[in-house]
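Geometric and topological summary
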Amino acid sequence: MKLYNTLTRQKEEFVPVEEGKVKMYVCGPTVYNYIHIGNARPMIVFDTVRRYMEYKGYDVNFVSNFTDVDDKIINKAIEEGTSAEEVSKRFIEECKKDMEGMNINPATTHPLATQEIDGMIEMIAKLIEKGYAYPAADGTVYYRTRKFKDYGKLSHKNIDDLQAGHRDIKVTGDLKEDALDFVLWKPKKEGEPYWESPWCNGRPGWHIECSVMSKKYLGDEIDIHAGGEDLIFPHHENEIAQSEAANGVEFSKYWMHNAFLNIDNKKMSKSLGNFFTVREVSEKYDLQVLRFFMLSAHYRSPLNFSADLMEAAKNGLERIVTAAEHIRHLQKSAAEGELTEEEQKALEESKSYQDKFETAMDDDFNTADGISAVFELVKFINTHTSAESTKGYLDALYDRFKTLCDVLGIILEKEEEMLDAEIENLIAERQAARKEKNFSRADEIRDLLLEKGIILKDTREGVQWKRA
Ligand code: AMP
Ligand code: ZN
């Protein structure tokens, strides 16, 4: 399996730090609003990378944070007359709903920056002790960028060029030793959330958060660190400077970055009026369509969001889901018994599409070609199944099809929602069971409903229910 490493600017064979395991960190969103469809791209792409690694048999520890302290969150709280905590909590919940809609698996751990402040203070203290950081007179702690010899290795920037770009930024009264130095800890401003530290009451800089959360949940040396390409500089460059100076080992072996999502070939921005949240898209399309659309291009190619392309994605997805329904329909009345010789041959042939899929995915996660292989399998299914097919043959074919769709996160069978009438009937049956003191049956029904996401509440007026 090969992947493109931003650090070396080439495709490299993937060799994990620890055999059979993948430690992967993906920078998560800052939670001050509903996520937009640009934010959804790294989520979908790296969820698919994770799924493919799992398909290959790796045990993947996948960590993705929520940045829940930031100027944007604080501003939103002021605007709404509420607290930063309330804003971030609300949008983390909303983000998780969108993730579920896009069939993005929850991370092994979703750390929150505000819960990891102790670790940040510890790492900053270590950097000061090692001479890589210094507190200024006002309590701000800066990273001494020039001291880190490898600075610029990820973004392939030369530190002297950076210095030239910064020359006029350093103003009199600036407390930094050098214009390139960046903030690790900053003093609080009136009305802002803050934490106590040895330097001042304040809050962490953005970059230190990820260095610390990655270390805590994955260790000093990880396999893959990922995010959108705008994070290469300065965010990931600064993370490397912090982590490698503090820990004394290489931070991450591979760095993966997705290209941007544009709208009608323009950068998405609020002021241009071409800005969509995932929630808005969900009003028009099943979010499975958004997922499928994102995977229709290679993750390192810019992707253009347009109504036409979304319609194309919708049609493509429908072809896949219809093929699955077709097999399921045949399965219901298929005959048991041995596979015919012809079926055995056909199964063998269908494997070639799985091989094609793997070849595409092994080549830096080429989901576009992976999807083509799935379409070829769809065509094969439509031409090589009939009412005469045996059950064993259909089962095996369906398994192969579903395995590939699972890697892409395409859902072939939507769980039907329980109808209100069915729920009411079960509740009535539970009441009757209770009357007869058949409590085990009553509990069984309550559990069954809970499994379907129906929560019961016994009140004086009777049983009330709601969907979770
Ligand atoms: P943010 O909340 O701005 O830190 O962004 C969260 C993630 O979304 C980061 O990995 C960004 O690189 C990524 N991202 C933001 N905008 C876009 C976009 N238009 N296309 C692709 N990725 C994006
Ligand atoms: Zn980060």
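Reference entry: report on the structure contained in this document. (Residues numbered from 1 in each chain as written. Chains lettered and ligands numbered in written order. Predicted model: local features only at pLDDT ≥ 70, side-chain atom pairs only at ≥ 80, totals over all residues. Heavy atoms only, no water.)

Quick notes on the overall build of the chain
Each helix and strand counted, the chain has 15 helices and 15 strands in total. For the chain, the C-alpha atoms occupy an extent of roughly 80 × 65 × 45 Å along the three principal directions. Looking at the chain residue by residue over its 468 residues, the buried ones come to 49%. Considering only contacts in the chain between residues 6 or more positions apart, those separated by 24 or more positions represent 74%. Surface summary for the chain: the accessible area is close to 23,200 Å², and the carbon and sulfur share equals 47%. Considering the chain, the positive charge centre built from 63 side chains and the negative charge centre built from 85 side chains are found 3 Å apart. (Helix = DSSP H or I, 4+ residues; strand = E, 2+ residues; numbered from the N terminus. Buried < 20%, exposed > 50% of the residue type's maximum accessible area, 1.4 Å probe, protein only. Contact = heavy atoms within 4.5 Å. Areas by Shrake-Rupley, 256 points an atom, 1.4 Å probe, with all protein chains shown as cover. Lys, Arg positive; Asp, Glu negative; His and termini not counted. Charge placed at Lys NZ, Arg CZ, Asp CG, Glu CD.)

With respect to the sheet that holds strand 12 (residues 266-267)
The three strands are arranged 12-11-13 in an open sheet whose pairing can be described as mixed. Each edge of the open sheet is held by one strand with a lone partner, namely strand 12 and strand 13 (303-305). Inspection of the sheet shows strand 11 (residues 261-263) paired to strand 12 by two bridges, in the antiparallel sense. For Asn 262, the partnering residue across the bridge sits in strand 12 and is Lys 267. Contacting strand 11 and strand 13, helix 1 (residues 37-55) crosses the sheet at an angle of about 150° to strand 11. (Pairing = 2+ DSSP bridges. Axes fitted to C-alpha atoms, helices over the stretch in contact; angles between N-to-C directions.)

Some words on the sheet that holds strand 9 (residues 222-228)
The strand order across the open sheet built from four strands is 4-3-9-10, with neighbouring strands paired in parallel fashion. The sheet is open, and its two borders are formed by strand 4 (59-64) and strand 10 (252-258), each paired with just one other strand. Strand-to-strand, the axes of this sheet are offset by a mean angle of 20°, without reference to chain direction. One ladder, built from six bridges, connects strand 9 with strand 10; its direction is parallel. Bridging across to strand 10, Ile 222 finds its partner in Ser 252. On top of the sheet, helix 1 reaches strand 3 (21-26), strand 4, strand 9 and strand 10; it is set at about 135° to strand 10, its chief contact. Helix-sheet contacts for helix 7 (residues 232-247) involve strand 9 and strand 10, and the interaxial angle to strand 9 is about 160°.

A closer look at unusual backbone geometry
The residue after Phe 233, namely Pro 234, is reached through a cis peptide bond having omega 0°. Note on placement: Pro 234 falls in helix 7. Not every positive phi belongs to a glycine, and Asn 265 is a case in point at roughly 65°. Here Asn 265 shows up in the loop between strand 11 and strand 12. The phi dihedral of Lys 437 falls on the positive side, at around 60°, and the residue is not glycine. Secondary-structure assignment places Lys 437 in the loop between helix 14 (420-435) and helix 15 (439-451).

Description of the site of ligand 1
Looking at ligand 1, there are 14 residues lining it, with Thr 30, Gly 38, Gly 228, Asp 230 and Leu 261 nearest. Asn 39 is positioned such that a nitrogen or oxygen atom in its side chain is 3.2 Å from an oxygen atom of ligand 1. Within the backbone of Gly 228, an N or O atom sits 3.0 Å from an oxygen atom of ligand 1. Within the complex, 88% of the 490 Å² of free accessible area of ligand 1 lies under protein. Comparing atom positions with the cavity grids shows ligand 1 to sit within the largest pocket. Contributing elements (two or more residues each) for the shell around ligand 1: helix 1 and strand 9. Counting residues per element, the shell around ligand 1 draws most heavily on helix 1, which supplies three residues. Looking at side-chain class alone, the shell around ligand 1 contains six nonpolar, seven polar and one charged residues. (Near = heavy atom within 4 Å. Polar contact = N/O pair within 3.5 Å; in protein donor to acceptor, adjacent residues only side chain to side chain. 1 Å grid on protein atoms, 1.4 Å probe; cavity = no way out; pocket = protein on both sides within 12 Å on 5 of 7 lines; lining within 4 Å. Sits in = over half its atoms within 2 Å of the grid points. Nonpolar A, V, L, I, M, F, W, Y, C, P; charged D, E, K, R; others polar.)

Focus on the layout of surface pockets
Considering only enclosed or pocket space, the largest pocket measures out at about 1,000 Å³ in volume. Around the largest pocket, the lining is made up of 41 residues, and of these Pro 29, Thr 30, His 36, Asn 39 and Asp 230 lie nearest the centre. Broken down by secondary-structure element, the contributors of at least two residues to the lining of the largest pocket are helix 1, strand 4, helix 3 (84-101) and strand 9. Broken down by element, the residue count for the lining of the largest pocket peaks at five residues, all from helix 1. Residues of the lining of the largest pocket, tallied by class, amount to 21 nonpolar, 14 polar and six charged. (Points joined across faces, edges and corners; volume = space filled by probe spheres on them.)

Side note on the coordination of the zinc ion (ligand 2)
At the metal site, the zinc ion (ligand 2) is ligated by Cys 27 (SG), Cys 210 (SG), His 235 (NE2) and Glu 239 (OE), and these contacts range over 2.1 to 2.7 Å. For the zinc ion (ligand 2), the four donor atoms are set out with angles of 70 to 126° between them, so the coordination reads as irregular. With a relative accessible area of 12%, Cys 27 lands in the buried category. The buried category is assigned to Cys 210, whose relative accessible area is 1%. (Donors = N, O, S within 2.8 Å, 3.2 Å for Na, K, Ca; no water. Tetrahedral: all angles 85-135°; square planar, octahedral: opposite > 155°, others 65-115°.)

What about the pattern of salt bridges?
Within the structure shown, the criterion is met by 34 salt bridges. For Lys 216, the salt bridge goes to Glu 116, with nearest N and O atoms at 3.1 Å. Of this pair, Lys 216 sits in helix 6 (residues 206-218) while Glu 116 is found in the loop between helix 3 and helix 4 (117-129), placing the two residues 100 residues apart along the sequence. Its salt-bridge partner being Asp 447, residue Arg 446 comes within 3.8 Å of it at the nearest N-O pair. Its relative accessible area of 36% is what places Arg 446 among the partly exposed residues. (Salt bridge = Lys/Arg side-chain N within 4 Å of Asp/Glu carboxyl O.)

Here we look at the side chain of Ser 88
Structurally, Ser 88 is set in helix 3. With a relative accessible area of 4%, Ser 88 lands in the buried category.

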